[in-house]
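# Fold and geometry: a report
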Amino acid sequence: MTMPLIFERSEAGRRAYSLPDCDVPRKDATELLPGWALRKRAADLPEVSEVDLVRHYTKLSQRNHGVDVGFYPLGSCTMKYNPKVNEDAAALPGFNALHPYQPEELVQGALELMYELGRYLCEIGGMDEATLQPAAGAHGELTGLMIIKAYHESRGDGAKRTKVIVPDSAHGTNPASAAFCGYKVVEVKSDGRGGVDLDSLRAAMSDEVAALMLTNPNTLGLFDENIVEIAKIVHGAGGLLYYDGANMNAIMGIARPGDMGFDVLHFNLHKTFSTPHGGGGPGSGPVAVKKTLAPFLPVPVVEKKDGKFVLDYARPQSIGKVKAFYGNFNVMVKAYAYIRALGAKGLREASENAVLNANYLMRKLAPYYHLPYDRHCKHEFVLSGEYQLASGVHTGDIAKMLLDYGFHAPTVYFPLIVKEAIMVEPTETESRDTLDAFVDAMIGIAQLAEKDPEALHTAPHKMVVGRLDDVTAARRPVLRWRPNKQTNAG
Amino acid sequence: MYPENVKYSEKHEWVRVEGKIATVGITSFAQEQLGAIVGVGLPEEGSKVEKHGALADLDSMKTADQVFAPVGGKIVKVNRALEQHPEFMNDDPYGDGWVAVIEMADPGELDGLMSAAEYEAFVAEEASKG
Amino acid sequence: MNYVPNTDRDRSEMLADIGVSSMEELLSDIPREVRLQRHLALPAPMSEYDLARHMGALASKNRTTDDLVSFLGAGAYDHFVPSVVRHLVSRSEFYTAYTPYQAEISQGMLQAIFEYQTLMCELTAMDVSNASLYDGATAVAEAAAMACRQTRRRQVVISVAVHPEYRATLRTYARNLGIEVLETGMKDGVTDIEELDRLVSSATACVILQSPSFLGSVEPMGKAAEVAHRSGALFVACVDPISLGILAPPGEYGADIAVGEGQGLGSPMSFGGPYLGFLTCRQDLVRNMPGRVAGETHDPDGRRGYILTLQAREQHIRRERATSNICSNEALSALAAAVYLSWLGKDGVRELADLCLQKAHYAFDRITALPGFEKASRAPFFKEFVVRTPIPPEEVSAGLLRSRILGGLPLGRHYPEFGDAMLIAVTEKRTKEEIDSLCRALEGLA
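Residues numbered from 1 in each chain as written. Chains lettered and ligands numbered in written order. Predicted model: local features only at pLDDT ≥ 70, side-chain atom pairs only at ≥ 80, totals over all residues. Heavy atoms only, no water.

Turning our attention to the overall build of chain C. From N to C terminus, chain C includes 14 helices and 17 strands. Counting only C-alpha atoms, chain C reaches 80 × 55 × 50 Å along its principal axes. Of all 446 residues assigned to chain C, the portion counted as buried reaches 70%. Here chain C displays about 13700 Å² of accessible surface, and carbon together with sulfur accounts for 49% of that area. Positive and negative side-chain charges of chain C, numbering 45 and 56 respectively, have mean locations separated by a distance of 2 Å. (Helix = DSSP H or I, 4+ residues; strand = E, 2+ residues; numbered from the N terminus. Buried < 20%, exposed > 50% of the residue type's maximum accessible area, 1.4 Å probe, protein only. Areas by Shrake-Rupley, 256 points an atom, 1.4 Å probe, with all protein chains shown as cover. Lys, Arg positive; Asp, Glu negative; His and termini not counted. Charge placed at Lys NZ, Arg CZ, Asp CG, Glu CD.)

Pasting the structure below:
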């Protein structure tokens, strides 16, 4: 059965809306606005009743997998449980019904929350000052790199330092953010243990390098043991170290990027600090920096002056604004509540159990799937579908088959340095029972790959749709609905 | 397995030469490596390109790549059909999948290009290096 | 509290299965010298009840727009959010999902995004929409970068009447991307088209205007588009989606890219975020468009389905050559917008826009009839307008608060020439009685 679109449920004259009466003397729009300013053709929005609307989107929700539905071991995404109390807190009118331009004295609670959250994040990351303005992780990367650029420029070093180094295992956002910040991207290789190859790094390092971007543990889920040496090499050539916080869930209370030598770091509140991903967003990507970089943070910064919280715009060396207002406040409320609920002990336990769960899964799966880097992982690990490739089964097939077991698939084909990569991040909020069920599914799939590869090629079989044709979707993009479709265009 | 009537570059383009006119496309090996090509960004007709300069953008399902000009000159024609039918590059790389026609500034630039046999050996060597 | 299901017994058995004797062994590859040798200095953990009380106490330190009668706009608007929106975006199958990379298990979100894209195309009268950007400010910056890629030019011209925070964000992005930003001024409360014409040249990638402008004026968008196109530049229209129930949409006056802030479409004001950046454009610009996009396709049995497509533009494929670095977007706000626009429907969106228009004009007529309060221009406006005040607008704001009214935005910080003026917004939520009491309060202050 094809699921109708909301437009296909439309019936002229139906309505869900109710609006307040026009209690002021009404004039015709043509009296109030010039003719050229008026819309000629009405927007063809659907006309549905409220119950139609509710059922439509409720049905859509039932065609969607979330953490509340089941296991979501998507590597590098930290799909941990999102505590409900945080949702309730964020929905309080005292946080929700605030205009960003209300006078400071009317929003002291909101500013206090932001101020304290910034301080907590600095403590967790080993940093000195933070901005909460970036709306997502990639936005945090861009902001952090802009801060680095402003720092070098302030030292008269900006024109020369035109390059940013990223390892070949980096998230795609790292090179994209560097390029969006006007930098040339230089890639360095990984060594045999999955860390940064020190010789490649030394060769790439020069006085033209503005920064090295790194996540540690890296995208292979491995802690780079050479981090102190790496920091020495980069700092020695006048470069700065940028920490991609996507993998912070491995190290809370265990080690701090600031203590490893990083100068700038962004957090993903929607990963590490349990705020829900919202089906793709909103996220929140606060950036924390060492003291020397604090003057360059975006404005405004929340400050505490004489017991009052204020928005400080008087920062002449600031990079400026990276978005309107102060960031994704509603997300901050949830992250704040999470940190307050867990405290130091809870955060550390969260990270330890994330690491434990990942190692447990890795060891259970290693007999059945190729493990390219055989050492203790941190919060996630990367397998390869190489064994299965021998029977013509690709990692993509394995991912699709997992859906039939009621699990979301791990991240696949990333990182790029592992052939047929399968990147698994269980998080700390999964029980051993869930992990064992996932192991059983993965073993079953490995066996099926040998016996009946065709079953995998055609997976999934139990979803609301079968495997969708992504090639046609890209070659003949249909990006919107049109009534009586006669053309594929648009 | 590679057509004899064209010359090949190390970046896996082919060139068919008639006088000063060079028709350029990507090789069957290149299209196999890219997988399903789903989008092509073409240059403007009449613009100039240097040897090794970026000629066109290619989007495939797994990567984004570029076609580089094996010879420099003026781009006299581009294959607009690819905008609606990028699959031509997979299905018929030496025919309907051609990318652009270049009026060569210096036919001497053809000198470094490979014959079919040389290209086949080159590809085999590339593959052995992984 | 840590939401961890593992028991002590689980932990010790799991460690044994892994083949290590302790948790510490799993952490042994972290060099001693970078290990934290103390506990994090954070407040003590709290039970759920204590946390709920604490959060309630913190929230109660704020005065909300529910307690006050708000005439504050300036880029964040107090529109009514119907209950269906809150309920449907609270379906946790939606909000606890990640980006729908595995299409077959994420059809709900993908279809909702596809519907959102269609709704935004209809509203703006453009061909294609992406799946959302962070907010209106970053949407303007992304549109500028997109226009530079498309035209291979490195200069944008933006009107000073565009939201100051959007311009500030554009400047930050542009400086780092090596894009030159020129600003064009205002005349009679709207963008000065003659000055714009002088600034725009064959070096200009795009012209950016906002309508209604930050100051509320309906801008001469058609004329600005003509100026841009004469020089081969693109025209970027930044618009208030609510206004499009009644105002001409970007597609009707020749815009190439339409962007804006979609907070008004079902998202609460939430002290500035999360909001909804939208971007729609002409069909032929699609491969230079930033951000995710959902497309229709089918499965082997011919069943219709939806999938993220044109991904070769994006960072995870194209890396440093991507159209943008954006990854996470504002999907849940886009879902809210889809529900909200479907709730309004064809008639509702027009009625809503008309209500804002009527109430704002009633307020304008009443306020400017008060002695000492004067209109700042004769430009046409939609739901927001500027009035000059007889006493400093900051004092007006403070005075209004005593009557539990949240006044308009004093403009001096952003526009020194409007140092004696206030930007007043009137949405459909304001009643005649509330507007009349605003006027009484203003009269008492003058």
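Moving on, we come to the side chain of A:E425. Residues and elements named next belong to chain A. Topologically, E425 is positioned in the loop between β12 (421-424) and α14 (432-451). K271 provides the closest opposite charge to the buried, salt-bridge-free E425, at an N-O distance of 7.2 Å. Side-chain polar atoms of E425 contact the backbone nitrogen of C77, separated by 3.1 Å. Only 2.7 Å separates the side chain of E425 from the side chain of T78, close enough to count as a polar contact. Apart from residues lying up to four places away in sequence, E425 is in contact with Y72, P73, L74, G75, S76, C77, T78, H379 and E380. (Salt bridge = Lys/Arg side-chain N within 4 Å of Asp/Glu carboxyl O. Polar contact = N/O pair within 3.5 Å; in protein donor to acceptor, adjacent residues only side chain to side chain. Contact = heavy atoms within 4.5 Å.)

Here the focus is the packing of aromatic side chains. Scanning the model with the defined rule gives 33 aromatic pairs over all chains in all. Each ring, one from A:F325 and one from C:Y275, has its centre 6.0 Å from the other, and the planes form 75 degrees; the classification is edge-to-face. Here A:F325, found in the loop between β9 (308-312) and α11 (329-365), pairs with C:Y275, found in the loop between β9 (257-261) and β10 (277-281), and the two come from separate chains. As far as burial versus exposure is concerned, A:F325 and C:Y275 are alike and both buried. Summarising the aromatic geometry, the rings of C:Y415 and C:F418 are spaced 6.2 Å apart at their centres and angled 75 degrees between planes, so their arrangement reads as edge-to-face. (Phe/Tyr/Trp six-rings, centres within 6.5 Å; stacked < 30°, edge-to-face > 60°.)

A few words now on the sheet that holds strand β1 (residues 7-8) of chain B. Residues and elements named next belong to chain B. Read across the open sheet, the six strands follow the order β1-β2-β3-β9-β8-β5; overall the sheet is antiparallel. One side of each edge strand has no neighbouring strand; the edge strands of this open sheet are β1 and β5 (48-49). Where β1 meets strand β2 (residues 13-18), two bridges bridge the pair, whose relative direction is antiparallel. Bridged to Y8 within β2 is W14. (Pairing = 2+ DSSP bridges.)

The next subject is the packing of α11(A) against helix α3 (residues 48-59) of chain C. The contact between α11(A) and α3(C) brings their axes to 10 Å, and the two run at 140 degrees. Relative to α3(C), the element α11(A) lies oblique. In the crossing of α11(A) with α3(C), the sense of the turn from one axis to the other is right-handed. Contacts between α11(A) and α3(C) involve A:V333, A:Y336, A:A337, A:R340 and A:A341 on the former and, on the latter, C:L51, C:H54, C:M55 and C:L58. Of the residues assigned to the contact of α11(A) with α3(C), the class counts are seven nonpolar, one polar and one charged. (Axes fitted to C-alpha atoms, helices over the stretch in contact; angles between N-to-C directions. Parallel < 35°, antiparallel > 145°, perpendicular 65-115°, else oblique. Left-handed = near helix turned anticlockwise from the far one by under 90°. Nonpolar A, V, L, I, M, F, W, Y, C, P; charged D, E, K, R; others polar.)

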